[in-house]
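Below are the chains, spelled out letter by letter.
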Amino acid sequence: MSARGLVWIARARIRADRRGALLDAAAACAGAAALVFFLALGLGVSAAARHMFPAEARLVEVVPPAVSLGGLLGGGRLDDPAVARLGAIPGVSAAWPRLMLRVPVAAPQAPPGMASSWPPGMTLQIPVVGLAPGMVEKDVGAGQRFADPGPGATIPVLLSGRLLEVYDKTIAPAWSLPRLPPGVSLLGLEMPVRIGLSIVPGKQEREVHDGRVRLVGLSDRVPMYVMAIPLETARRLHADYGKDPWYSQVTLLARRPDDVPAVADAVRRMGFNVDESERAAAERVGAVVSVTTGALVFLAVVMCVLAALAIARSLSASVRGRAREIAILQALGATPSDVHRVVLLEGGMIGLAGGIAGTLLAIALSLAADRLALSTLPDFPFRPGTFFAFPPWLPALGLVAPALAAVLGALAPAAAAARIEPARTLG
Amino acid sequence: MISLAGVEKSFRDGAHQLPVLRGVDLEVGPGELVAIVGPSGSGKSTLLHVAGGLDRDYRGRISVDGKDLSSLPARELARLRNATIGFVFQAFNLLPGLSAVENVMLPGMLREAGGEPPGAVRSRAVDALIRVGLAGKAGAPPARLSGGERQRVAIARALFARPRVLLADEPTGNLDVTSGEEVIRLFAELAGGGMAVLVVTHEERVSRAAARVLQLREGRLDRLATQLGEFS
């Protein structure tokens, strides 16, 4: 039988038993809707969690050991030779040292134009880290430069984009301050600072210099509550103030995420520690999301299986009840194989119809859920614009999975239909 | 056109075999209307099923349009049923979910790839309905047709593929006198046009139209009478 004939006859059979087909399609629709809705929710929440807890899969954070035997075992201080050794580990494509500035830096007044947001007399102590420019080069704004400007010049700085999100969603509403414009428009903003000044008694340096900083970019590689300056600037300030030159941390960039475990092992063998706190937090959140999504998807798969069983049961009943019709088809020229394919196609068409309806229902439900959530939840930091994600493969899965489940459910009834003996049935 | 030689068929009843056909020989040529009569349970329908390739569990030799049924693969046999043989049943056997014209279209839609497009199939189905006098009932479901109309739809379906052989099992059994005579007249016309028509019946009015009447008794065919039917 031609494909056209198969479809025509399968459609005719479905039309003949509209009520049964509708019930089967409803079961498939429920399975597809649950599958697409829960998967989209899991993917959406995962994306939101990744935005909230960014952890780059290729980064390995190296810190000095808590107790060091120094040079005896080749571990201990993170100096330039150590950075070179770390950079030479197989699988490492870059090694970027960080230097936590041990010279205090404070801002005694607001940036120009923001005085109204600055409480009178407030001095803001700012933690500062020196970063290798290569680590953040992609985040430096167009026309801006992140390099040591030399003594007395305005220092280029980077802030965490996430800090601005926290300010906008938490600090600004709490203090009734104006929200910031989108991050990129803040580039070029300058602020006076005092280098060597500390609000902590006994921590202030003997010499305090006036300076200025200028925002040249926003980067997720900058810790949230820290201001990043060029590494060379930090080293120069440490030399000026007589501080140790050892790096506080080295960030290694693995060539591939798969290389990370081996790189981390090599780092530990060299006597250093690997700081996995950020990665562990991200992984914990990811694990919670994955487990929850997995449970919901399992539930959806169970619903698909139940839909397949319902279709199997319904088609079996249909084949039994309509054996005579099948025998007539055979008398008119259908082979047992044609009959088999007609019943499978019937199941597939019902499953596909249920899948289309279920996928559309899931999209509609997700829009409604988003609307409800966004209108009732407070505007917390990193709140996503949507809790659902629909990559192109997901609607396709919503169509294919119930159709496939229905075809699987139709296998036994189709085999039973193909076994019908026309002479015995028509006799 | 239809040839049966030494055909035997039995059914299993527990441990026993019940013979139904015991060496049946039959020849139906083109343009011939042959009636087989016999009491209920004598095996008339069984004979029709084996002759039409619906039942392959028999011994002996059956050929239709020169093709030996026992040697045909399932697909070829289905093709023969689709294109060469037309079936008409006592119970009409129309598909209740399809309209009259869709029922007639079925053989065309069961054709293998490369057949006519659905539009052409529908057009020919409508022509077949016109031929049996049901032009105005094309869209009606079987439930809304009378017994005579249903049987005419079934005949239109059997004639759709322009078969060379027509096998009819008690075609007038569920019809009133007028409808039954219309059907018999149609069969006689078809035989007159060169079709081989084999009718199984227990009604005398059908056998009167047949060129030959054979009686199936105790699994064997006996020539009962030879006559020109009143319609032929």
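Rules behind the numbers
Residues numbered from 1 in each chain as written. Chains lettered and ligands numbered in written order. Predicted model: local features only at pLDDT ≥ 70, side-chain atom pairs only at ≥ 80, totals over all residues. Helix = DSSP H or I, 4+ residues; strand = E, 2+ residues; numbered from the N terminus. Contact = placed C-beta atoms within 7 Å. pLDDT = per-residue confidence, 0-100. Buried ≥ 20, exposed ≤ 12 C-beta atoms within 10 Å, placed from the backbone. Pairing = 2+ DSSP bridges. Nonpolar A, V, L, I, M, F, W, Y, C, P; charged D, E, K, R; others polar. Axes fitted to C-alpha atoms, helices over the stretch in contact; angles between N-to-C directions.

Colleague: So what about the overall build of chain A? Which residues, and what values?
Modeller: Within chain A one finds 12 helices and 11 strands. Put simply, 83% of the contacts in chain A that link residues at least 6 apart link residues at least 24 apart.

Colleague: Any details on unusual backbone geometry? Residues and values, ideally.
Modeller: Residues and elements named next belong to chain B. Phi angles above zero are rare outside glycine, and Phe 92 is one such case at about 65°. In this structure, Phe 92 sits in the loop between β6 (85-88) and α3 (100-109). Within the chain, Arg 162 stands out as a residue other than glycine whose phi angle is a positive 50°. Looking at the secondary structure, you find Arg 162 in the loop between α5 (147-160) and β7 (165-169).

Colleague: Can you lay out the confidence of the model for chain B for me, pointing to particular residues and giving the numbers?
Modeller: Interpretation of the predicted coordinates at a detailed level should be avoided for regions scoring low in pLDDT. All names here are of chain B. The share of residues in chain B with pLDDT of 70 or more is 95%, and the mean pLDDT across the chain is 86. Averaged over each element, pLDDT in chain B is lowest for strand β10 (residues 220-226) (70) and highest for strand β4 (residues 59-64) (93). Low pLDDT (under 50) marks residues 227-232, which in the prediction has 16 contacts with non-local residues, meaning those over four places away or in another chain. With a pTM of 0.69, the predicted complex shows an ipTM of 0.88.

Colleague: Could you give an account of the pairing of β6 of chain B, with specific residues and numbers?
Modeller: Residues and elements named next belong to chain B. Along β6, one buried face is formed by Ile 85 and Phe 87 and the opposite face, lined by Gly 86 and Val 88, is buried too. In this sheet, β7 lies alongside β6 in parallel orientation, the contact comprising 4 bridges. Along β7, the bridge assignment pairs Ile 85 with Val 165.

Colleague: Tell me about the interface of chain A and chain B, and please be specific about residues and values.
Modeller: Each partner contributes to the interface: chain A provides 25 residues, whereas chain B provides 28 residues. At the level of elements, α1 (3-16), α9 (323-331) and α12 (422-426) of chain A are the ones that each hand at least two residues to the side of chain A that touches chain B. Tallying contributions element by element places α1 of chain A first for the side of chain A that touches chain B, with 8 residues. Considered class by class, the residues forming the side of chain A that touches chain B number 14 nonpolar, 5 polar and 6 charged.

Colleague: So what about the sheet that holds strand β1 (residues 2-13) of chain B? Which residues, and what values?
Modeller: All names here are of chain B. Taken together, 4 strands build an open sheet; the order of strands is β2-β1-β4-β5 and the sheet is antiparallel. The open sheet has two edge strands with one neighbour each: β2 (16-28) and β5 (67-68). As paired strands, β1 and β4 are joined by 5 bridges and run antiparallel to one another. Across the sheet, residue Ile 2 finds its bridge partner in β4, namely Val 64. Sheet strands touched by helix α1 (residues 44-51): β1, β2 and β4. Its angle to β1, the strand with the most contacts, is close to 120°.

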